[in-house]
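# Reading the structure
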Amino acid sequence: MDIKDVPCPFCGCLCDDVKIQIEDNRITGVENCCTLGNAKFLSKSRLQHPIMRKDGKWVEVSYEEAIDETARILSDAVRPLLYGWSGTVGEAQVVGVHLAEEIGALIDSTTSVCHNPSILAIQEVGHPGCTLGQVKNRADLVIYWGCNPIEAHPRHMSRYTTYADGYFIDNTATDRKVIVVDIRRSDGAKVADEFIQVKPGGDYLVLSALRAMVRGKSDVVPDSVAGVKKVQLQRVADLMMKAKFGAVFFGLGVTMSRGKYKNVRNAIELVSELNRKTKFTISAMRGHFNVYGFNEVLTWMAGYPFAVDFSRGIAFYNPGETSVIDLLEKKEPDACLVVASDPGAHFPKSTIEHIAAIPTVQIDPCVNATTALCQVQIPVAITGIESAGTAYRMDGVPIRMKKVLETDFPTDQEILERIVTRIREMRADG
Amino acid sequence: MNVIITFRNHENPFIPIEAEMITPDAFLEEKNEICVAVGNRSYPLSEVADFSIVGEASSVDDIEVLIRGDTSRVKRVGEYMSGGAITIEGDIGMHCGNFMSGGRIEILGSADGWLGREMKGGEIICHGDAGDYCASGYRGGRRGMRGGSVEVFGSVGDFACEHIAGGEVLIHGNTGDFACAEMKGGTVTILGDTSRVCANMSAGTCYVYGSAVEMIPTFEKKGTVNHDGVLFHHFRGDVANRGNGDLYTVHFTYLQ
């Protein structure tokens, strides 16, 4: 059996043109997908039962026992942390936010370690953005700044930018220019018409220089800025101003290098400045397939997109104080629930040590690096393959994820709902 | 009135205590029970600290609060205070003196992040170092510190005086990255070194007695001036932001 137009539950591109072949409730073939998505659709390893550490050994336990233990850990905690969320759908994230409010927890998502600074910058100066369809059909200049779509979002260029046919673009190969800004000549840089090599940490300075040039104030700019010659900067500024529709995409090279949200703010203000001369937009290259969705869910429920502290009964938001890395670094949390992400594989060592030192529960279909840090792991259905729901693409477009395989595994949403119910029962019993 | 609060050592010293009620203003009203939050639990102050009150006060300015013990994780002390004095013997946690409009806070140790965030008046003196966002604003806010004065004898972290719109800040040591970013007013004096200072400033005045490394490349050179017996390079900017602020620095370097 073939199923068409399946959205891919891997990266923020959320490609929804994937074709899946299924035989005997198993995926036997994938078409249109990139290697990253393919690997996820065709992955076979998973955890079969809930597991719990008892006397230093992993033992298989029932869902009921695992949920009971999770509820006990979370309701005993004085500063519980609920982290992850980006690899599951909005319907499960909603229950997660209710859980956080119920137990006075801190709730944060993988946003905290990727585009957190983008959000801080947008809160300062706004977001001149657009959907990817606009870029595909109109953009005659595409700028990739601090990101390498060929490795991280393999179909971004072919679906939405460089190689995509556009309604208002006659010949996409000749009429679309590409600029790449990076600290090294990545694969993405090799297809660019103009490559700007910035010294590490120098993005802010280059962006300031470009802003001054777009304003017609080139005279104040020194001959070289962060490793980039002034003549090249002037050429790029002219390219930008001549474009009919420019689209900037930026990645973690901008958000997670020195200066963080100030870099993003400067990029946004460059785009604002360019909008006085022509049409320009800017968008973040979001990572997980539904990292944007968590920002949406938490914003409509708590008023803030990530890093919310419910410990005082109200939503308090202050990245740097209520964000996951800062909290773990300061050893604040005394219990942790990890859902649909793998901090064990990505976080700094000192923070991982703290996760391992406190009672931690993970809800995830697979054994991963975080499993080694946990006391309990509860396996679930794979979102976007075995369970349906809503995810948000990197440009904020909601897409319905499909269920293509039958499963006996419960969904993230079901497990979280059972944890909330159990905590309420425990509290009613005193 | 003299209030002495001594925080006891607690079982898990890493859990922060939020103590926004510790202000001279709160002690003026007798019926006030001072409560603090420890993680997601709320307790009367007596649960975490011993405290004694001696004498009476007819106005907030008659009240002096002395805070002792391990207070490095005690947050929001002096928030919204309008008068009186708070002295902290050790280190203090985040958000000390948030929004304060009057009075005096003296910290004998060091302060954590957001010291004097969005303060409007009064005086903060910190004898040790201060963390990130000293005398700055809140996330997404357009104006940081608006009035009063902050003096730090040690060094400060990143984003010091971000969005500052008024008041005076004196930093005896060095600053981290992006001091005075988005500056809109007020006067900041840095006696040590600083990095990427005054990025995107629109107004205000900043003096750097040490070295401004990685100068923002979009400041216009205006020559040299003598201030306080020292020769400063005068810059105007940030040109990228149509800014009209003044940056005076003794030394500067660009990232070329």
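Residues numbered from 1 in each chain as written. Chains lettered and ligands numbered in written order. Predicted model: local features only at pLDDT ≥ 70, side-chain atom pairs only at ≥ 80, totals over all residues. Heavy atoms only, no water.

What follows is about the overall build of chain A. Secondary structure assignment for chain A yields 18 helices and 21 strands. Whereas a compact globule of 430 residues would reach a radius of gyration of roughly 22 Å, chain A reaches 23 Å, a difference of no more than 12%. Dimensions of chain A along its principal axes, counting C-alpha atoms only, are 70 × 50 × 35 Å. Taking all 430 residues of chain A together, 60% fall into the buried category. At a minimum sequence separation of 6, the contacts of chain A that also span at least 24 residues come to 67%. Carbon and sulfur atoms form 50% of the exposed surface of chain A, whose accessible area is close to 16200 Å². Here chain A contributes 49 positive and 53 negative side-chain charges, whose respective centroids are spaced 8 Å apart. (Helix = DSSP H or I, 4+ residues; strand = E, 2+ residues; numbered from the N terminus. Rg over C-alpha atoms; globule rule 2.2 N^0.38 Å. Buried < 20%, exposed > 50% of the residue type's maximum accessible area, 1.4 Å probe, protein only. Contact = heavy atoms within 4.5 Å. Areas by Shrake-Rupley, 256 points an atom, 1.4 Å probe, with all protein chains shown as cover. Lys, Arg positive; Asp, Glu negative; His and termini not counted. Charge placed at Lys NZ, Arg CZ, Asp CG, Glu CD.)

Right, let's talk about the overall build of chain B for a bit. Across its full length, chain B carries one helix and 18 strands. Viewed in the frame of its principal axes, chain B has a C-alpha envelope of about 60 × 40 × 30 Å. Per-residue burial over chain B gives 57% buried out of 256 residues. Within chain B, counting contacts between residues at least 6 apart in sequence, those at least 24 apart form 34% of the total. Carbon and sulfur atoms form 45% of the exposed surface of chain B, whose accessible area is close to 9400 Å². Positive and negative charge centroids in chain B, built from 20 and 35 side chains respectively, lie 9 Å apart.

A word on the packing of helix 4 (residues 116–125) of chain A against helix 13 (residues 261–274) of chain A. Residues and elements named next belong to chain A. Packing of helix 4 against helix 13 brings their axes to within 8 Å, and their N-to-C directions diverge by 50°. Here helix 4 lies oblique to helix 13, going by the angle between them. Considering how the two elements wind past one another, helix 4 and helix 13 form a crossing that is right-handed. Note on element contacts: helix 13 touches helix 4 through Y261, K262, V264, R265, I268 and E269, opposite P117, S118, L120, A121, I122, E124 and V125. Grouping the amino acids of the contact of helix 4 with helix 13 by side-chain chemistry returns eight nonpolar, one polar and four charged. (Axes fitted to C-alpha atoms, helices over the stretch in contact; angles between N-to-C directions. Parallel < 35°, antiparallel > 145°, perpendicular 65-115°, else oblique. Left-handed = near helix turned anticlockwise from the far one by under 90°. Nonpolar A, V, L, I, M, F, W, Y, C, P; charged D, E, K, R; others polar.)

Now for a nonpolar patch on the surface. Taken together, the side chains of A:I150, A:Y163 and A:V191 present a nonpolar region at the surface, about 240 Å² in accessible area. Take A:I150: its relative accessible area is 31%, and that puts it in the partly exposed class. (Patch = residues over 30% accessible without salt bridge, like charges linked within 9 Å, V, L, I, M, F, W, Y side chains within 5 Å. Salt bridge = Lys/Arg side-chain N within 4 Å of Asp/Glu carboxyl O.)

Attention now moves to the packing of aromatic side chains. Summed over the entire model, instances satisfying the criterion amount to 19 aromatic pairs over all chains. Considering the side-chain rings of A:Y144 and A:F249, the 5.7 Å spacing of their centres and the 25° angle between planes classify their relative orientation as stacked. Pair noted here: A:Y144 is in strand 8 (residues 141–145) and A:F249 is in strand 13 (residues 245–250), with a separation of 105 residues, a long-range link. You can call A:Y144 buried: its relative accessible area is 0%. Centre to centre, the rings of B:F252 and B:Y254 are 5.7 Å apart; their planes meet at 80°, and the pair counts as edge-to-face. You can call B:Y254 partly exposed: its relative accessible area is 21%. Each member of the aromatic cluster is reached from another via a ring pair, and the members are A:Y204, A:Y261, B:W114, B:Y133, B:F159 and B:F178. The aromatic ring of A:F409 is capped on one face by A:R46, whose charged end is 4.0 Å from the ring centroid. One cation-aromatic arrangement involves B:R139 over A:Y261; the distance from NZ or CZ to the ring centre is 5.6 Å. (Phe/Tyr/Trp six-rings, centres within 6.5 Å; stacked < 30°, edge-to-face > 60°. Lys NZ or Arg CZ within 6 Å of the ring centre and 35° of its normal.)

Before going further, it helps to spend a moment on the packing of helix 3 (residues 90–103) of chain A against helix 14 (residues 291–302) of chain A. Residue and element names in this part refer to chain A. In the contact formed by helix 3 and helix 14, the axes pass within 9 Å of each other and the chain directions differ by 45°. By the angle between their directions, the pair helix 3 and helix 14 is classed as oblique. Viewed along their axes, helix 3 and helix 14 form a crossing whose handedness is right-handed. The residues of helix 14 that touch helix 3, namely those facing G90, Q93, V94, V97 and H98, are G293, F294, V297, L298, W300 and M301.

Before going further, it helps to spend a moment on the domain arrangement of chain B. As assigned here, chain B comprises domain 1 (1–109) and domain 2 (126–256). Computed over C-alpha atoms only, the centres of domain 1 of chain B and domain 2 of chain B are separated by 31 Å. (Domains from an automatic or database assignment.)

Attention now moves to helix 14 of chain A. Residues and elements named next belong to chain A. Taking 1.5 Å of rise per residue, twelve residues should cover 16 Å, and helix 14 covers 16 Å from first to last C-alpha, within 8% of that figure. Here helix 14 has its buried residues at V291, G293, F294, N295, V297, L298 and A302. Looking at the buried positions of helix 14, the neighbouring elements they touch are helix 3, strand 7 (106–109), helix 4, strand 15 (308–309) and strand 20 (389–392). The first or second residue beyond helix 14 is G303, which carries a positive phi of 95°. (Expected span 1.5 Å × (residues − 1).)

Looking now at the environment of A:S350. All names here are of chain A. Tracing the chain through its elements places S350 in helix 17 (residues 349–357). Residue class for S350 comes out partly exposed when judged on its relative accessible area of 29%. Along the primary structure S350 and I325 are separated by 25 residues, whereas in three dimensions their C-alpha atoms are 9.5 Å apart. A distance of 2.8 Å separates a polar atom in the side chain of S350 from a polar atom in the side chain of E329. (Polar contact = N/O pair within 3.5 Å; in protein donor to acceptor, adjacent residues only side chain to side chain.)

Among the nonpolar cores identified, the biggest contains 117 residues, and B:F7, B:I22, B:I107 and B:C206 are the most heavily contacted of them. For this core, the element with the highest residue contribution is helix 10 (residues 203–214) of chain A, accounting for nine residues. In contact with B:F7, other than residues within four places in its own chain, are B:I17, B:I22, B:L45, B:V48, B:A49, B:I67, B:R68, B:G69, B:D70, B:T71 and B:V74. Residues A:L82, A:I107, A:V339 and A:F409 belong to the second largest nonpolar core, which totals 41 residues. (Core = buried A, V, L, I, M, F, W, Y, C linked by side-chain atoms within 4.5 Å.)

A few words now on the domain arrangement of chain A. All names here are of chain A. According to the domain assignment, chain A consists of domain 1 (46–113 + 289–429) and domain 2 (116–284). For domain 1 versus domain 2, the separation of C-alpha centres amounts to 34 Å. In this assembly, twelve residues from domain 1 lie in contact with 14 residues from domain 2. Between domain 1 and domain 2, roughly 990 Å² of surface is buried when both sides are summed, and carbon and sulfur atoms account for 62% of that area. If you sort the residues of domain 1 by the area they bury against domain 2, R393, M394 and D395 come out on top, with a joint share of 46%. One can count zero salt bridges joining domain 1 with domain 2. Run the count over domain 1 and domain 2 and you get four residue pairs in polar contact (both at pLDDT 80 or more). Here the residues of the side of domain 1 that touches domain 2 are counted per class, giving seven nonpolar, three polar and two charged. (Buried area = accessible area lost by both parts, 1.4 Å probe.)

Residue and element names in this part refer to chain A. The full count for this structure, using the stated rule, is 45 salt bridges over all chains. Between R72 and E69 there is a salt bridge; the shortest N-O distance is 2.8 Å. Residue R72 and its partner E69 are located together in helix 2 (residues 63–76), separated by three residues, close to a single helical turn.

Facing 51 residues of chain A, the contacting portion of chain B comprises 48 residues. With both sides pooled, the region where chain A packs onto chain B buries about 4100 Å², and carbon together with sulfur makes up 49% of that total. One can count ten salt bridges joining chain A with chain B. Our count for the contact surface shared by chain A and chain B stands at 36 residue pairs in polar contact (both at pLDDT 80 or more). Taken together, the elements giving at least two residues each to the side of chain A that touches chain B come down to helix 2, helix 4, helix 10, strand 11 (224–225), helix 13 and strand 16 (316–317) of chain A. It is helix 10 of chain A that contributes the most residues to the side of chain A that touches chain B, six residues altogether. Looking at the side of chain A that touches chain B residue by residue, the class counts come to 19 nonpolar, twelve polar and 20 charged.

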